[in-house]
Amino acid sequence: MRGSILFHAIRSAILALFFMAAALPALAQEEIRFDKEPLLIQTAAGKTLRFTVEVASSADQRARGLMFRKTMADDAGMIFDFGQSRRVGMWMENTILPLDMLFADDTGTIRHIKENAKPYSRDVIDSMGEVKYVVELNAGIVAKLGIKTGDRIVSATTTKAK
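Residues numbered from 1 in each chain as written. Predicted model: local features only at pLDDT ≥ 70, side-chain atom pairs only at ≥ 80, totals over all residues. Heavy atoms only, no water.

1. Focus on the overall build of the protein chain
Inference 1: Looking only at helices and strands, the protein chain features four helices and seven strands.
Inference 2: Across the protein chain, helices and strands are ordered from the amino to the carboxyl terminus as α-β-β-α-β-β-β-β-α-β-α.
Inference 3: A burial count over the protein chain gives 38% of its 162 residues as buried.
Inference 4: Within the protein chain, contacts between residues at least 6 apart in sequence are counted, and of these 71% link residues at least 24 apart.
Inference 5: Accessible area of the protein chain: about 9,700 Å², with a carbon and sulfur share of 56%. (Helix = DSSP H or I, 4+ residues; strand = E, 2+ residues; numbered from the N terminus. Buried < 20%, exposed > 50% of the residue type's maximum accessible area, 1.4 Å probe, protein only. Contact = heavy atoms within 4.5 Å. Areas by Shrake-Rupley, 256 points an atom, 1.4 Å probe, with all protein chains shown as cover.)

Laid out in structure tokens, this is it:
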């Protein structure tokens, strides 16, 4: 009898662990909502590039970012608003899509660009100085459209009262 009770207790514990482990990916992908807004990139060459970006302004939104996304339109992206200028470190853990990252100061001027950030990498991508915003776009967009440091991002997020 005692062995039977122990067997059932162990079996129940193993089943509980199995179901908890199976639920973790679903919990990791719990839906977080992002507002969307138009974003323009004004290049030094005089071009205006148009995107629609999701806005990550809360800590939860910034922590989630574009993790677990399998596709993104060529004219889409995400803007991270850190609320104040500071040195920022980003990484690609749980991010499936390769990305280009634009690091911009409080005026929207792009100060640093990281092209082709590697999916799933835990390497820290440094802003290389104080920034207030990071814009993530599909990898290859920076080279394709000729985006450079000194270009400027403009959106409702970057132009709101400071």
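2. Points about the nonpolar core
Inference 1: Ranked by internal contacts, the top residues of the largest apolar core, which has 19 residues, are Phe-80, Met-90, Met-101, Phe-103, Ile-125 and Val-134.
Inference 2: At the level of secondary structure, the elements contributing two or more residues to this core comprise β3 (76–90), β4 (99–104) and β6 (125–138).
Inference 3: When residues in this core are grouped by element, the largest group, six residues, is from β3.
Inference 4: When neighbours within four sequence positions are excluded, Val-134 is seen to be in contact with Met-78, Ile-79, Phe-80, Phe-82, Val-88, Met-90, Met-101, Leu-102 and Phe-103.
Inference 5: Ranked by size, the runner-up nonpolar core spans 18 residues in total, among them Leu-49, Phe-51, Val-55 and Val-142. (Core = buried A, V, L, I, M, F, W, Y, C linked by side-chain atoms within 4.5 Å.)

3. A look at the confidence of the model for the protein chain
Inference 1: On average, residues of the protein chain score 87 in pLDDT, and 80% of them reach the 70 mark or higher.
Inference 2: Predicted confidence for residues 15–24 stays below pLDDT 50, and this span has zero contacts to residues more than four positions away or in other chains. (pLDDT = per-residue confidence, 0-100.)

4. Overview of the sheet that holds strand β2 (residues 48–56)
Inference 1: Taking strand neighbours across the sheet as the criterion, the seven strands line up as β5-β4-β6-β3-β2-β1-β7 in an open arrangement whose pairing is mixed. At either margin of the open sheet sits one strand with a lone partner, and together these are β5 (110–117) and β7 (152–155). Going from strand to strand, the sheet's axes swing by 35 degrees on average, the running direction of each strand aside.
Inference 2: Pairing of strand β1 (residues 35–42) with β7 involves four bridges; the strand directions are antiparallel. For Leu-40, the partnering residue across the bridge sits in β7 and is Val-154. (Pairing = 2+ DSSP bridges. Axes fitted to C-alpha atoms, helices over the stretch in contact; angles between N-to-C directions.)

5. Observations regarding the pattern of salt bridges
Inference 1: Scanning all chains against the criterion turns up six salt bridges.
Inference 2: Of the charged contacts in the structure, one is a salt bridge between Glu-31 and Arg-33, with a shortest N-O distance of 2.6 Å. A single burial state applies to Glu-31 and to Arg-33, both of which are exposed.
Inference 3: Note that Arg-122 and Glu-93 form a salt bridge whose closest N and O atoms lie 3.0 Å from each other. One end of the pair, Arg-122, is in the loop between β5 and β6; the other, Glu-93, is in the loop between β3 and β4, with 29 residues separating them in the sequence. (Salt bridge = Lys/Arg side-chain N within 4 Å of Asp/Glu carboxyl O.)

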